[in-house]
Amino acid sequence: PRTSTKNVAAALHQHGLPTKPEVKLEEACVLGLKLGDKQGQLRWERLDPSSIEIPAVLTRRSIFQWCGALTAHYPVCGWLRPLSSWLRRLASLTGYWDQPISKELEALCRDLMARLLSEDPAHGACRR
């Protein structure tokens, strides 16, 4: 059985847990996701496409952070999740966390960035 959001908010409030105002699903932004109606279908995508930009300085640390940000919170990432894991594994073979990476690994990161700009897999249809 479905429960009204007002009933849930009231129950949480009884236990001292405040809630945010109700938001329509079609207008929601949650965990870096933007929901919207596209041609009669509810779809999700990245809230901020600039979050996929490659770091200015590529080090082992920045690759781990970047790859984590690319896949975090996204339920479906297709080819991106295994590819970012592979890049992290390659980065872990480098020396220190803040040492610049090799030109070969930098080229792989730039290739990933170019592919993301043309076909970012972090999007999909919502089921109701």
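## What to know about the pairing of strand β2 (residues 33-38)
Then comes step 1: One ladder, built from two bridges, connects strand β1 (residues 29-30) with β2; its direction is antiparallel. Across the sheet, residue V30 finds its bridge partner in β2, namely L33.
Then comes step 2: Following β1, the chain reverses through two residues before pairing antiparallel with β2; L31 in that reversal takes a positive phi of roughly 50°.
Then comes step 3: Taken together, the six bridges between β2 and strand β3 (residues 41-46) define a ladder with antiparallel strand orientation. Bridging from a neighbouring strand, L35 pairs with W44 of β3.
Then comes step 4: In this antiparallel pair of consecutive strands, β2 and β3, the connection spans two residues, and Q39 shows a positive phi of 55°.

## Some thoughts on the pattern of salt bridges
Then comes step 1: In this structure the tally under the stated criterion is six salt bridges.
Then comes step 2: The salt bridge involving R61 is made with D98; its shortest N-O contact spans 2.8 Å. Of the two residues, R61 is situated in helix α2 (residues 60-71) and D98 in the loop between α3 (80-92) and α4 (103-119); the sequence distance between them amounts to 37 residues.
Then comes step 3: Between R110 and E106 there is a salt bridge whose closest N-O contact spans 3.1 Å. Of this pair, R110 and E106 both sit in helix α4, four residues apart, which is roughly one turn of the helix.
Then comes step 4: With relative accessibility at 39%, the residue R110 sits in the partly exposed group.

## Some remarks on the confidence of the model for the protein
Then comes step 1: The predicted model of the protein averages 86 in pLDDT, with 96% of residues at 70 or higher.
Then comes step 2: α3 holds the highest mean pLDDT among the elements of the protein, 93, whereas β1 holds the lowest, 76.

Cut-offs used in this document
Residues numbered from 1 in each chain as written. Predicted model: local features only at pLDDT ≥ 70, side-chain atom pairs only at ≥ 80, totals over all residues. Heavy atoms only, no water. Pairing = 2+ DSSP bridges. Helix = DSSP H or I, 4+ residues; strand = E, 2+ residues; numbered from the N terminus. Salt bridge = Lys/Arg side-chain N within 4 Å of Asp/Glu carboxyl O. Buried < 20%, exposed > 50% of the residue type's maximum accessible area, 1.4 Å probe, protein only. pLDDT = per-residue confidence, 0-100.

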